[in-house]
Amino acid sequence: MPLRLVDILKALPKTELESLVARLGVRIDPAKRLDPPAQIARALVALPELRDPSRLPQPSVELLHRVAEARGTLIVPNLPPALQPLAERGIVFARAEGKNQVELVLPSAYLV
């Protein structure tokens, strides 16, 4: 899976992308030259939770640090409960990586 946030957003199914937009209240402006995934990416990098992770539950902060320490990708045997708040905000993404493995991806835009 690509680590660029825009590439990850472009790879998401349309329904998941629309759900993320609705959850975060992102406004897509069709008059802009940027495509919707690029507009969503701009909104995501401005999330207050990224500037101040203490707004997140402590287990989610710990998981965020683990994925960041793994250079943006971490393979786990199953979905950790701490992933939900991160996934709902478009901070960490998950995909099946084989039998009984899940890859957690933290886009490079969040690693800086």
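Only a predicted model underlies this, so the values are computations on that prediction, with no experimental measurement involved.

A.B. asks: I'd love a proper account of the sheet that holds strand β2 (residues 93-96), names of residues and values included.
C.D. replies: Taken in spatial order, the 3 strands line up as β1-β3-β2 in an open sheet, and their pairing is antiparallel. The sheet is open, and its two borders are formed by β1 (73-76) and β2, each paired with just one other strand. Strand-to-strand, the axes of this sheet are offset by a mean angle of 25°, without reference to chain direction. Pairing of β2 with strand β3 (residues 102-105) involves 4 bridges; the strand directions are antiparallel. Along β3, the bridge assignment pairs A94 with L104. Helix-sheet contacts for helix α5 (residues 58-69) involve β1 and β3, and the interaxial angle to β1 is about 115°.

A.B. asks: Talk me through the pattern of salt bridges; I want residue IDs and the actual numbers.
C.D. replies: Should their charged atoms come close, side chains of opposite charge can pair. Under the criterion given, the structure shown has 7 salt bridges. Two residues, K10 and D35, come together in a salt bridge whose shortest N-O distance is 3.5 Å. Within this pair, whereas K10 is found in helix α1 (residues 5-11), its partner D35 is found in the loop between α2 (14-24) and α3 (36-45), the two being separated by 25 residues in sequence. Between E18 and K14 there is a salt bridge, with its nearest N and O atoms 3.8 Å apart. Taken together, the residues E18 and K14, both in helix α2 and 4 residues apart, mark about one turn of the helix.

Cut-offs used in this document
- Residues numbered from 1 in each chain as written.
- Predicted model: local features only at pLDDT ≥ 70, side-chain atom pairs only at ≥ 80, totals over all residues.
- Heavy atoms only, no water.
- Pairing = 2+ DSSP bridges.
- Helix = DSSP H or I, 4+ residues; strand = E, 2+ residues; numbered from the N terminus.
- Axes fitted to C-alpha atoms, helices over the stretch in contact; angles between N-to-C directions.
- Contact = heavy atoms within 4.5 Å.
- Salt bridge = Lys/Arg side-chain N within 4 Å of Asp/Glu carboxyl O.

Read these as spatial facts, not as claims about activity.
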